[in-house]
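Chain and residue survey
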Amino acid sequence: MENGEYIFYADESGDHSLTSVDVTYPLFVLTICGFKISDYTQKVVPNFQKFKFRHFGHDMAILHEREIRKQIGDFEFLTDVVQRETFQLELTRIVEEANFDIFCCIIDKRIFRSDFFPDNPYQVALSVCLQMIFKWLQRLHRAGLNYHFVFEKRGNKEDKDLELEFRRIVDGVNPLRKPFDGFKLRFADKRSNSTGMQLADLTAHPLGVGYLKPDQSNRAAQVIQSKLCKIKIAVNPNRGIHVPATIKAKGPS
């Protein structure tokens, strides 16, 4: 089978446990970012590499949204308000200029937990995102080719569970009742210095915050908004399942 011209990177925000729900962030958010490989290799990756060299003097720093937000690890220098503003403005601009599409599903565990769903939040979110991507590729007349989906390693059991669920969905056990031919799963180490993985990481939490606090200033969600895929999937918000076609995010005041 011929290789397709897109590559997909996934990341998550929050956990998928329904037994202990964090009241401050009661969500599980899965984002899968799709890049045209030519754009990714010729523009996105070089721009991020240049950004790293400008701010760190090397390209070994891994852009984790949580560490940036908490100003820890390689990002301790962001405690300086001037450096932080410069860094964030430039990072926001680079993300904005990067050409990619975001396929996202938000599970509100406050509602989902009381619904006695047979599946866990991860399974539901994964199914929703893969359906969106399949329909998106159909719209582009590019379905039926080989496409690689890169997920971060979480542990042997978790990875095996994800692989089993991924295979089940792409084999046709999904609401569309169609096999997603050519969808292939790949795992990346947490320390993998992959630009695509880092971009996926930078999108998940802001989308969750945008859902929880739509009136709060959220520069990141505002930038991400234009990249959200607007493919319609049958989900029920009354059951705690959301596809954020748009985030009503406020810009900085």
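Residues numbered from 1 in each chain as written. Predicted model: local features only at pLDDT ≥ 70, side-chain atom pairs only at ≥ 80, totals over all residues. Heavy atoms only, no water.

For the protein chain, the helix and strand inventory stands at eight helices and six strands. Put simply, the protein chain runs from its N terminus to its C terminus through helices and strands in the order β-β-α-α-α-β-α-α-β-α-β-α-α-β. A globule of 253 residues ought to have a C-alpha radius of gyration of about 18 Å, and the protein chain, at 18 Å, matches this closely. Relative to its full complement of 253 residues, the protein chain shows a buried share of 47%. Within the protein chain, contacts between residues separated by at least 24 positions form 76% of all contacts whose residues are at least 6 apart in sequence. Side chains of the protein chain carry 36 positive and 32 negative charges; the gap between the two charge centres is 4 Å. (Helix = DSSP H or I, 4+ residues; strand = E, 2+ residues; numbered from the N terminus. Rg over C-alpha atoms; globule rule 2.2 N^0.38 Å. Buried < 20%, exposed > 50% of the residue type's maximum accessible area, 1.4 Å probe, protein only. Contact = heavy atoms within 4.5 Å. Lys, Arg positive; Asp, Glu negative; His and termini not counted. Charge placed at Lys NZ, Arg CZ, Asp CG, Glu CD.)

Glancing now at the pairing of strand β3 (residues 101–108). Counting buried positions along β3 yields seven of eight residues, so the element is predominantly enclosed. The sheet contact formed by strand β2 (residues 27–36) and β3 spans eight bridges and is antiparallel. Across the sheet, the residue bridging to F28 is I107, located in β3. Relative to strand β6 (residues 241–242), β3 runs antiparallel, the two being bridged by two bridges. Paired with I107 across the two strands is I241, which belongs to β6. (Pairing = 2+ DSSP bridges.)

Before going further, it helps to spend a moment on the layout of surface pockets. Approximately 630 Å³ is the volume attributed to the largest pocket. Together, 21 residues line the largest pocket, and E65, Q88, P206, N218 and A220 are the ones closest to its centre. Of all elements in the fold, only α2 (65–70), α3 (81–97), α7 (195–212) and α8 (219–225) reach the threshold of two or more residues within the lining of the largest pocket. Counting residues per element, the lining of the largest pocket draws most heavily on α7, which supplies five residues. When grouped by side-chain class, the residues that make up the lining of the largest pocket number ten nonpolar, eight polar and three charged. Roughly 530 Å³ of volume is contained in the second largest pocket. What lines the second largest pocket is a set of 19 residues, and nearest its centre among them are E12, S13, G14, R66 and D201. The set of elements that each furnish at least two residues to the lining of the second largest pocket consists of β1 (3–13), α2 and α7. The biggest single contributor to the lining of the second largest pocket is α2, with four residues. Here the lining of the second largest pocket is composed, by residue class, of two nonpolar, five polar and twelve charged. (1 Å grid on protein atoms, 1.4 Å probe; cavity = no way out; pocket = protein on both sides within 12 Å on 5 of 7 lines; lining within 4 Å. Points joined across faces, edges and corners; volume = space filled by probe spheres on them. Nonpolar A, V, L, I, M, F, W, Y, C, P; charged D, E, K, R; others polar.)

Let us look at the packing of aromatic side chains. Enumeration over the complete set of coordinates arrives at 22 aromatic pairs. Taken together, a centroid distance of 5.7 Å and an interplanar angle of 80° make the contact between F77 and F87 edge-to-face. Linking F77 in the loop between α2 and α3 with F87 in helix α3, this pair joins segments that are ten residues apart in sequence. Classification of F87 as buried rests on a relative accessible area of 0%. Ring centres 5.2 Å apart and planes at 70° place the aromatic pair F103 and W136 in the edge-to-face group. In this pair, F103 is assigned in strand β3 and W136 in helix α5 (residues 121–139), connecting sequence segments 33 residues apart. Here F103 matches W136 in class, with each residue buried. Aromatic rings pair up to connect Y6, F8, F103, F134, W136, Y147, F149, F151, F166, F180 and F183 into one cluster. (Phe/Tyr/Trp six-rings, centres within 6.5 Å; stacked < 30°, edge-to-face > 60°.)

Close contact between helix α1 (residues 37–56) and α7 brings their axes to 10 Å; oriented N to C, the two are set at 75°. Judged on the interaxial angle alone, α7 and α1 are roughly perpendicular. Contacts from Y40, V44, V45, F48, Q49 and K52 in α1 reach T195, G196, Q198 and L199 in α7. (Axes fitted to C-alpha atoms, helices over the stretch in contact; angles between N-to-C directions. Parallel < 35°, antiparallel > 145°, perpendicular 65-115°, else oblique.)

As a further point, take the confidence of the model for the protein chain. Mean pLDDT over the protein chain stands at 90; residues scoring 70 or higher make up 94%. Confidence scores differ between elements of the protein chain, with α8 showing the lowest mean pLDDT of 81 and strand β4 (residues 146–152) the highest of 97. In this model, residues 246–253 is a region of pLDDT below 50 whose contacts with residues beyond four sequence positions or in other chains number 28 contacts. (pLDDT = per-residue confidence, 0-100.)

Structural remark: α-helix, 3.6 residues per turn; residues separated by three or four positions point the same way. An ideal rise of 1.5 Å per residue puts 28 Å on 20 residues; α1 measures up with 26 Å between its terminal C-alpha atoms. The sharpest bend along α1 measures roughly 30° and falls at V44, with the proline P46 sitting one to four residues further on. Every buried residue belonging to α1 is among D39, Y40, V44, F48, F51, K52 and F56, and all of these are buried. If you follow the buried residues of α1, they end up packed against β1, β2, α3 and α7. Count one or two residues on from α1 and you reach G57, which has phi positive near 85°. (Expected span 1.5 Å × (residues − 1). Bend = angle between axes of the 7 residues up to and from the residue.)

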